[in-house]
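The residues making up each chain are set out below.
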Amino acid sequence: RVEVNPKLDWIRTLTGSPVGNEKLLDEYTKRLGSMVPALGGCKLYLKTASRFATGLGREHPIENGFAWHPTLGAPYLPGSSVKGLVRAWARVLLENGNIDAATERRIFGGERSEHVGSVIFFDAIPTRSVRLEADIMTPHYGPYYQDSSGRTAPGDWHSPNPIPFLTVASGQNFLFGIAPRTSSDADRQDCEKVAQWLSEALQTLGAGAKTAVGYGRFVPDPESAEAAKKSEEEAAKKAREAAEQAAFVASLAHLSPIARELRQAAHAGRWETDANAFKSAGVREKWMERLEADPQPDAVAYFGELIEKHDPGILSDPDRKEGKKQKPAYKESSIKITKRWLALPKQ
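Residues numbered from 1 in each chain as written. Predicted model: local features only at pLDDT ≥ 70, side-chain atom pairs only at ≥ 80, totals over all residues. Heavy atoms only, no water.

1. Brief notes about the side chain of Asp187
The criterion, for reference: A run of DSSP states H or I qualifies as a helix once it reaches four residues; a run of E qualifies as a strand once it reaches two. Both are numbered from the N-terminal end. Polar contacts here mean pairs of N or O atoms no more than 3.5 Å apart (in protein, one a potential hydrogen donor and the other a potential acceptor; neighbouring residues in sequence count only if both atoms are side-chain atoms). Should any heavy atoms of two residues lie within 4.5 Å, those residues are counted as being in contact.
Structurally, Asp187 can be placed in helix 6 (residues 185-204). Within the local environment of Asp187, its side chain forms a polar contact with the side chain of Thr182, the two groups lying 2.7 Å apart. Leave out the neighbours within four places in its chain, and Asp187 touches Ser118, Pro180, Arg181 and Thr182.

2. So, helix 3 (residues 79-95)
Where we set the bar: A helix is expected to span 1.5 Å for every residue after the first. Only protein chains enter the accessibility calculation, which uses a 1.4 Å probe; a residue is then buried when its area is under 20% of its type maximum, exposed when over 50%, and partly exposed in between.
Taking 1.5 Å per residue, 17 residues should reach 24 Å; helix 3 reaches 24 Å between its end C-alpha atoms and fits that length. Among the residues of helix 3, Gly79, Val82, Leu85, Val86, Arg87, Trp89, Ala90 and Leu93 are the ones counted as buried. Where the residues of helix 3 are buried, they touch helix 4 (101-108), strand 2 (119-121), strand 6 (173-180) and helix 6. Gly97, located one to two residues past helix 3, shows a positive phi value of around 80°.

3. As for the nonpolar core
Stated formally: Buried residues of nine kinds, namely Ala, Val, Leu, Ile, Met, Phe, Trp, Tyr and Cys, make up a nonpolar core once their side-chain atoms join them within 4.5 Å.
If you look at the biggest cluster of nonpolar residues, it comprises 37 residues, and the most contacted ones within it are Phe176 and Trp197. Among the elements of the structure, strand 1 (42-48), helix 3, helix 4, strand 2, strand 5 (163-168), strand 6 and helix 6 are those that each provide at least two residues to this core. The element best represented in this core is helix 6, accounting for seven residues. Sequence-distant contacts of Trp197, defined by excluding residues within four places in its chain, comprise Val86, Trp89, Ala90, Leu93, Ile99, Thr103, Ile107 and Phe108. Leu255, Ile258, Leu291 and Leu344 belong to the second largest nonpolar core, which has 26 residues in total.

4. Thoughts on helix 6
In a regular helix each residue adds 1.5 Å, so 20 residues correspond to 28 Å; helix 6 covers 29 Å between its end C-alpha atoms and thus fits that length. Three or more residues of helix 6 are buried, namely Asp187, Asp190, Cys191, Val194, Ala195, Trp197, Leu198, Ser199, Ala201 and Leu202. The elements touched by buried residues of helix 6 are strand 1, helix 3, helix 4, strand 2, strand 6 and strand 7 (218-220). Backbone geometry just downstream of helix 6 places Gly206 in the positive-phi region, at approximately 90°.

5. Description of the packing of aromatic side chains
The description of an aromatic ring pair rests on the distance of the ring centres and on the angle between the ring planes. Heads up, the rule is: What counts as a ring pair is set by centres within 6.5 Å for rings of Phe, Tyr and Trp (its six-membered ring), and what kind of pair is set by the plane angle: stacked under 30 degrees, edge-to-face over 60, tilted for all other angles. In our convention, an over-ring charge means Lys NZ or Arg CZ found within 6 Å of a ring centre and within 35 degrees of that ring's normal.
Tallied over the full model, the rule gives ten aromatic pairs. Seen in terms of ring centroids, Phe52 and Phe174 are 5.8 Å apart; in terms of plane orientation they differ by 90°. Their pairing is edge-to-face. Highlighted residues: Phe52 in the loop between strand 1 and helix 3 and Phe174 in strand 6, separated in sequence by 122 residues. Here the two residues Phe52 and Phe174 agree in accessibility, since each one is buried. Taken together, a centroid distance of 5.7 Å and an interplanar angle of 65° make the contact between Phe278 and Phe303 edge-to-face. Of this pair, Phe278 sits in helix 9 (residues 275-279) while Phe303 sits in helix 11 (residues 297-310), and the two are 25 residues apart along the sequence. Summarising the burial analysis for this pair, Phe278 and Phe303 share the class buried. Following the ring pairs from residue to residue traces out a cluster consisting of Phe52, Phe174, Phe176 and Phe218. Over the ring of Trp341 we find Lys346; its NZ or CZ atom is 4.4 Å from the centre of that ring.

6. Some points on unusual backbone geometry
Phi angles above zero are rare outside glycine, and Arg270 is one such case at about 55°. In this fold, Arg270 is placed in the loop between helix 8 (257-269) and helix 9. Of note, the phi angle at Gln326 is positive, near 50°, even though the residue is not glycine. Within the secondary structure, Gln326 is located in the loop between strand 8 (321-322) and strand 9 (327-328).

As far as function goes, none of this settles anything; it's purely spatial.
Here it is as structure tokens:
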């Protein structure tokens, strides 16, 4: 006989392929990954070491809910849940005498909201599309729990009631972020403590539902952390290059047309740093001909700077000799270009 379970069949429609738009998740986690350090906070890249059930207590037509991010369409752990998890771990530390009650109250705030805590907890978001899995719990004592009179015993003879629910599979990557409430040294130090506690809590207590039976464990994910670091470095490099290019373009505004074109050619060819590129066949000769035809002072001056940069001293004495045999200090091509440049009007 084939068992029919419509709820389980519906859940399995979500497990065939990863969920969450890869591009949106990448953009979101990059923004979060940039914002947290900018606030002086800490970010942790972790991955699920076991199945992770988030939002089971939410109302849903199939009995057990699931926490979907409202804009990303992917499972997540709300910042309030992250805070609750870390606070639970802090109370374990408090019971063992590793921290005092004042530290816990300062970091997490008062029980009755008389003040906010010194650390901000952000939502934990997957860094890429997430694979989901169907799971089933089978409580055996349904009649016992449902009998408010207390007359029904929790006996093993009761039939189990299979209840399917959705979980995040193991090996899925998440980004956790925390930040100090203010820029004070005290809040920053609290944030560093909480980062350590968060890692310990996720590995020891677990996040989400059913943690007592091993769900919701997270372990460090060094591969994702390294990939994020490389991506951030590349983005920072591109931003610097864009800023440098913008500054370069702005510097051209006051130049004559020929000087502007000369500087653009020098920038593209890296003539200021690469002597071989500047001295390659025909480059100097071409520009000398143009300057002789249109000797704009700013263009002439800049071309002279390039000549002097790659042959120091040549502008003051192009025929200088050196060594016992008194050989020319500069190559013949450089000497010829320099003498032509010296003949140009400078004002």
